[in-house]
Amino acid sequence: MAQVAVKVVEKQNNDENIMGVDLGLKVPVVAVTSNSKTRFFGNGRQNKYIRRKYKVLRQQLGKAKQLKKIKQIGNKEQRWMKDQDHKISRQIVNFAKENHVSVIRLEKLTNIRNTARTSRKNEKNLHTWSFYRLSKYIEYKANLEGIKVEYVNPKYTSQKCPKCQTLNKANDRKYVCKCCGYRTHRDRVGALNIMKAPMADGVA
Ligand SMILES: [Zn+2]
């Protein structure tokens with residue numbers, strides 16, 4: 001019995017594979033694992049297209065004073081986005097499973113309470129709110145698979161060099177560190193830093 005227990009502990013330590021997940025807009029989600037696998041999830045362009053379609057529809061109905069229909073369309077859009085988040089979170093957790101990830105790290109979102117209240121006024125807040133929902137879906141599905149979810153401080157995650165911590169601005173699609181010369185695709189930087197980040201205080 002004792003031998004078995006020791007073996008299990010060793011196995012956990014050796015297999016510790018951490019995955020950083022960066023939620024974005026153009027590319028909705030980027031995941032990077034500590035054994036160097038990268039995967040992009042979702043379709044930013046399609047998201048943008050669908051949301052624009054709903055916006056135009058609402059404007060047209062607004063001019064015609066069709067308030068009830070505007071509300072229906074709003075609900076339909078919400079359901080569609082929720083459904084997207086369920087699908088993407090499932091794909092993310094499946095990818096984590098395939099790669100034997102034991103910990104998923106996400107950005108800790110700040111001011112989420114204020115954001116929820118003012119979400120309709122502000123596009124950016126609306127995005128934060130949908131990131132929050134997606135985070136919670138990932139957490140829920142991951143926990144069911146025995147994968148831990150940790151929230152990390154989001155400061156400078158897209159600018160910081162994953163190797164030497166210098167802050168750089170990415171040009172075009174490439175991220176090049178002016179200090180150590182580290183280079184990678186700009187969309188990977190956030191996920192890499194989230195993967196390596198120390199944990200934020202408390203939970204989201
Ligand atoms: Zn560097």
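Residues numbered from 1 in each chain as written. Predicted model: local features only at pLDDT ≥ 70, side-chain atom pairs only at ≥ 80, totals over all residues. Heavy atoms only, no water.

- The name given to the chain in an unreviewed UniProt entry is Transposase, IS605 OrfB family, central region, with the source organism recorded as Anoxybacillus pushchinoensis.

## Examining helix α3 (residues 67–98)
Because an α-helix completes one turn every 3.6 residues, residues spaced three or four positions apart along the sequence face the same direction.
Then step 1. With 32 residues, α3 should cover 46 Å at 1.5 Å per step; its first-to-last C-alpha distance of 47 Å lies within 8% of that length.
Then step 2. Among the residues trailing α3, His 100 stands out with phi positive, at a value near 55°. (Helix = DSSP H or I, 4+ residues; strand = E, 2+ residues; numbered from the N terminus. Expected span 1.5 Å × (residues − 1).)

## A few points about the confidence of the model for the chain
Then step 1. Averaged over every residue, the pLDDT of the chain is 82; residues scoring 70 or more account for 79%.
Then step 2. The lowest-confidence element of the chain is helix α1 (residues 2–15), averaging 47 in pLDDT; the highest-confidence one is strand β4 (residues 103–107), averaging 95.
Then step 3. Across residues 5–13, confidence stays below pLDDT 50; counting only partners more than four residues off in sequence or on other chains, it has 0 contacts.
Then step 4. Note that pLDDT drops below 50 for residues 115–119; the model gives that stretch 8 contacts with residues more than four away or on any other chain. (pLDDT = per-residue confidence, 0-100. Contact = heavy atoms within 4.5 Å.)

## Section: the environment of Glu 16
Then step 1. Take Glu 16: it is sitting in the loop between α1 and β1 (18–23).
Then step 2. According to the relative accessible area criterion, Glu 16 is partly exposed, its value standing at 45%.
Then step 3. A sequence separation of 18 residues divides Glu 16 from Ser 34, and the C-alpha atoms of the two residues are 8.7 Å apart.
Then step 4. Engagement of the side chain of Glu 16 in a polar contact is seen with the side chain of Ser 102, the distance being 3.0 Å. (Buried < 20%, exposed > 50% of the residue type's maximum accessible area, 1.4 Å probe, protein only. Polar contact = N/O pair within 3.5 Å; in protein donor to acceptor, adjacent residues only side chain to side chain.)

## Section: the environment of Gly 146
Then step 1. By the secondary structure assignment, Gly 146 is in the loop between α5 (123–144) and β5 (148–152).
Then step 2. Under the relative-accessibility criterion, Gly 146 is labelled exposed at 63%.
Then step 3. Each C-alpha atom, one on Gly 146 and one on Ser 102, is 7.7 Å from the other, the two residues being 44 residues apart in sequence.

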